[in-house]
Amino acid sequence: MEKIIVNLSKLRQKGVWNFEPYSQSITGAMAQLEKSPFPVVKLGSLGTTQRGYFINGIKDIGEIPLISARNISTEGINLNHLRYLTPEEHKKLEKTQVYKGDVLVSLIMRPGIAAVYESDEPANIDTHLAILHLTDKIDPAYLVFYLNSDVGQALIHSLATGSIQPMLTITALNNLPVMLPSLDEQKQIVAEAQRLTQEAGKLSKASEDCRAEAQKLFGKIFHGTVKE
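My aim in this report is to walk through the structure given alongside it, one point at a time.

## A few points about the environment of Glu63
Mapped onto the fold, Glu63 is located in the loop between β2 (47-51) and β3 (64-67). Accessibility expressed as a relative area gives 59% for Glu63, which makes it exposed. Here the alpha-carbon distance between Glu63 and Arg83, two residues 20 residues apart in the chain, equals 9.0 Å. Those residues in contact with Glu63 that sit more than four places away from it in its chain are Tyr84, Leu85 and Pro87.

## Notes on the pattern of salt bridges
A side chain with one charge can pair with a side chain of the opposite charge if their charged atoms come near. Applying the stated criterion across every chain yields a total of 3 salt bridges. The closest approach of N and O atoms between Arg195 and Glu192, which form a salt bridge, is 2.7 Å. Highlighted residues: Arg195 and Glu192, both in helix α7 (residues 183-222), separated by 3 residues, approximately one helical turn. Take Arg195: its relative accessible area is 39%, and that puts it in the partly exposed class.

## Things to note about the environment of Ile61
By the element assignment, Ile61 lies in the loop between β2 and β3. Residue Ile61 is classed as exposed on the basis of its relative accessible area of 66%. Separated by 22 residues in sequence, Ile61 and Arg83 place their C-alpha atoms 8.6 Å apart. Not counting chain neighbours up to four residues away, the residues in contact with Ile61 comprise Tyr84 and Thr86.

## Concerning helix α5 (residues 150-159)
For α5, the buried fraction is high: 9 of the 10 residues fall into the buried class. Of all the residues in α5, the buried ones are Val151, Gly152, Gln153, Ala154, Leu155, Ile156, His157, Ser158 and Leu159.

## Topic: the environment of Val103
Here Val103 shows up in strand β8 (residues 103-106). Exposure remark for Val103: the relative accessible area of 0% places this residue in the buried category. As a C-alpha pair, Val103 and Leu134 span 31 residues in sequence and 7.9 Å in three-dimensional space. In contact with Val103, other than residues within four places in its own chain, are Ala114, Ala115, Val116, Ala130, Ile131, Leu132, Leu134, Pro140, Leu143 and Val144.

## Topic: unusual backbone geometry
The phi angle at His81 is positive, at roughly 55°, despite the residue not being glycine. Looking at the element boundaries, His81 is found in the loop between β5 (76-77) and β6 (83-85). Of the residues examined, His81 reaches a relative accessible area of 65% and is grouped as exposed. In this structure, Met109 is a non-glycine residue whose phi angle is positive, near 65°. Within the element layout of this structure, Met109 appears in the loop between β8 and β9 (114-116). Judged by relative accessible area, Met109 falls into the partly exposed class, the value being 48%.

Procedures and definitions
Residues numbered from 1 in each chain as written. Predicted model: local features only at pLDDT ≥ 70, side-chain atom pairs only at ≥ 80, totals over all residues. Heavy atoms only, no water. Helix = DSSP H or I, 4+ residues; strand = E, 2+ residues; numbered from the N terminus. Buried < 20%, exposed > 50% of the residue type's maximum accessible area, 1.4 Å probe, protein only. Contact = heavy atoms within 4.5 Å. Salt bridge = Lys/Arg side-chain N within 4 Å of Asp/Glu carboxyl O.

Listed below in structure tokens is the structure:
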């Protein structure tokens, strides 16, 4: 298994964004990497990484969505508040064209938060995102789960720079250590994660329903209509 060694004192010297609150979580993440039963590789070895271009003067009269960091969350890609490119503009930005199965990673706001692009429709990205065209060694959904996990986010925060606005560079993203199980194991991990997420959603819905019933009860109490 490839060993990943990180000097925490050097991380502090880099002036990473708000490092101290993440010290304990980063130490824990590094410990998990050291104990990983799976190979640990650099993200850059799993495909090609391309940052979006700074695009100025968009007339916003096109039909090709231009995805930004605000469209990326742990729940996926939302298509709210988009700008649009014309087909001609999209064609010129060939290196940042998005295809189904690509992974989009936020470089600012919430650095490292990722989502899989699951649409067959063409799209492009702006300078606040990176696009990952992956090899067949890694499942896109698994990589997104890893990047959005506590371990992935702790490692990403250790590499994010900027005293006011945290930012992740392409170099740092490519150097990010990734635990790499077999493809079958990756798919099993994703399936279990999705199951647990669905269960959590059901519990959250049940909690909201109970809270709504409690609010109705309080209303009855105020109006003196509750039966003993």
